[in-house]
Structure formats: structure tokens, C-alpha cells
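Structural overview for review
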Amino acid sequence: SAVSTVFATLGIGFFSSQLDYCNDSETLEYPSGQEECIGTWAPSRAWFDENLFELPASVDSDMILMPRAWLTPPWNFDHFGRATLTLFRVVTLEWLGPAYASIDSTGLSSQPKENFAEWRILFFVLFIFVGRFFVVNLFVAVTVEYFKVSSGSSILTLNQKRW
């Protein structure tokens, strides 16, 4: 719809390539951006639990090294198709992942910081209200049209309706 097109274009302008992050989520300061997201890191046992990896009790988590990687979340605004899919996710009220990622975003090729730009939540709230409004209107219009067709009133002439 036109609303999704407008918001997808706005999302690309606001958030394109800015939701990326380094998978080393254990450190607060390092890495500060994409150029420093290299090498390996040793995730804690809590990291394995949060990411649903089963780590046997006999294995020390410090012995496991993970490669650092600069990742893009599956919901992003890097191009129009992905932005539209992200907005579809938002309008179906699964919006917290994209919203938190945009709030934490600090800019192009830099590591996110928690609650960096809280005002960005307004983009998602506004889209939910506007997008849901049009979805509800579309649903009502289709329902009314269906009842017109099923009752036969939509094919009657004006004289037939008066009679």
C-alpha cells in the first residue's frame, strides 16, 4: 500500500545500514565499530544460555573461541524489499526487535549502544497507528462489499431498490 511505501522509503533514509552490529556482545566498549570487529572472542556461559546453545558442564566456556563477525539482522532497512518485510513485521505487532535495534543504533559502521536515540521509537509507533488504521479500513470495506454482493443489493438498479 501507499503507507508502506512511504514508511519503507523513510526507514531506508533513517536506518539504512545502521542496524548492523558485531556479534561480540560481551564487551561494552570494544569493538567500537566494523573496522574493529575482527579476531576472536570467548563468550561466557551466560552467552551460550541466552543464545540457546547447550554447553556441557564439563566444558569451560573460556576454552571456546568464536570469530567476531559484523552482522546484519534479518529485519533491516538496507533496501526496499527488506524494508517492506520489516514493516510487515511491525504492522503485525512483532515490532520490538526492529524498534530496539533502531533505538540502539549509533550510526553507520559503529557498534550499537543501549537506548542511544529513544526518539526513534516514534517512527514505529506512528507506522503502527497509521498502518493499522488502513488495514482496519480495508477489512471493513471488504466486509461491507461482501455483504452487498451476497444480499444482491449491489446489482439492483435504483428503481429496483426503491420498490
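From a predicted model like this one, the values you see are computed outputs, not experimental measurements.

**Describing the overall build of the chain**
Summing up its helical and strand segments, the chain has 6 helices and 4 strands in all. Secondary structure of the chain in N-to-C order comes out as α-β-β-α-β-β-α-α-α-α. Taken along its principal axes, the extent of the C-alpha atoms in the chain is 85 × 35 × 25 Å. Here the chain holds 163 residues, and the buried ones make up 30% of them. If you average the places of the 10 positive and of the 17 negative side-chain charges in the chain, the two averages end up 21 Å apart.

**Concerning a nonpolar patch on the surface**
Where nonpolar side chains cluster on the molecular surface, the patch consists of Val136, Phe139, Val140 and Val144 and spans about 380 Å² of accessible area. With respect to the helices, strands and loops of the structure, Phe139 is situated in helix 5 (residues 121-151). With a relative accessible area of 60%, Phe139 lands in the exposed category.

**Quick look at the packing of helix 1 (residues 2-15) against helix 3 (residues 80-91)**
Two numbers describe how helix 1 lies on helix 3: the axes approach to 9 Å, and their chain directions differ by 115 degrees. Judged on the interaxial angle alone, helix 3 and helix 1 are roughly perpendicular. Helix 1 and helix 3 meet at a crossing whose hand is right-handed. On helix 3, the residues that touch Ser4, Thr5, Phe7, Ala8, Thr9 and Ile12 of helix 1 are Phe80, Ala83, Thr84 and Leu87. When grouped by side-chain class, the residues that make up the contact of helix 1 with helix 3 number 6 nonpolar, 4 polar and no charged.

**Quick notes on the packing of aromatic side chains**
Remark: the centre distance and the inter-plane angle together describe each pair of aromatic rings, the angle taken between the planes. In the structure shown here, the tally under the stated rule is 10 aromatic pairs. On the numbers, 5.2 Å between centres and 85 degrees between planes, the contact of Phe123 with Phe124 is edge-to-face. For the pair Phe123 and Phe124, a shared accessibility class is recorded, and that class is buried. One aromatic cluster is present, built from ring pairs that chain together Phe7, Phe14, Phe15, Phe77, Phe123, Phe124 and Phe127.

**Some points on the state of the cysteines**
This model, assessed by the stated rule, comprises 1 disulfide. Sulfur-sulfur distance for the disulfide between Cys22 and Cys37 comes to 2.1 Å. The S-S bond linking Cys22 to Cys37 shows a torsion near 75 degrees; that makes this disulfide right-handed. Of this pair, Cys22 sits in strand 1 (residues 21-22) while Cys37 sits in the loop between strand 1 and strand 2 (40-41), placing them 15 residues apart in sequence. Exposure remark for Cys22: the relative accessible area of 2% places this residue in the buried category. Classification of Cys37 as buried rests on a relative accessible area of 6%.

Cut-offs used in this document
- Residues numbered from 1 in each chain as written.
- Predicted model: local features only at pLDDT ≥ 70, side-chain atom pairs only at ≥ 80, totals over all residues.
- Heavy atoms only, no water.
- Helix = DSSP H or I, 4+ residues; strand = E, 2+ residues; numbered from the N terminus.
- Buried < 20%, exposed > 50% of the residue type's maximum accessible area, 1.4 Å probe, protein only.
- Lys, Arg positive; Asp, Glu negative; His and termini not counted.
- Charge placed at Lys NZ, Arg CZ, Asp CG, Glu CD.
- Patch = residues over 30% accessible without salt bridge, like charges linked within 9 Å, V, L, I, M, F, W, Y side chains within 5 Å.
- Areas by Shrake-Rupley, 256 points an atom, 1.4 Å probe, with all protein chains shown as cover.
- Salt bridge = Lys/Arg side-chain N within 4 Å of Asp/Glu carboxyl O.
- Axes fitted to C-alpha atoms, helices over the stretch in contact; angles between N-to-C directions.
- Parallel < 35°, antiparallel > 145°, perpendicular 65-115°, else oblique.
- Left-handed = near helix turned anticlockwise from the far one by under 90°.
- Contact = heavy atoms within 4.5 Å.
- Nonpolar A, V, L, I, M, F, W, Y, C, P; charged D, E, K, R; others polar.
- Phe/Tyr/Trp six-rings, centres within 6.5 Å; stacked < 30°, edge-to-face > 60°.
- Disulfide = S-S within 2.5 Å.

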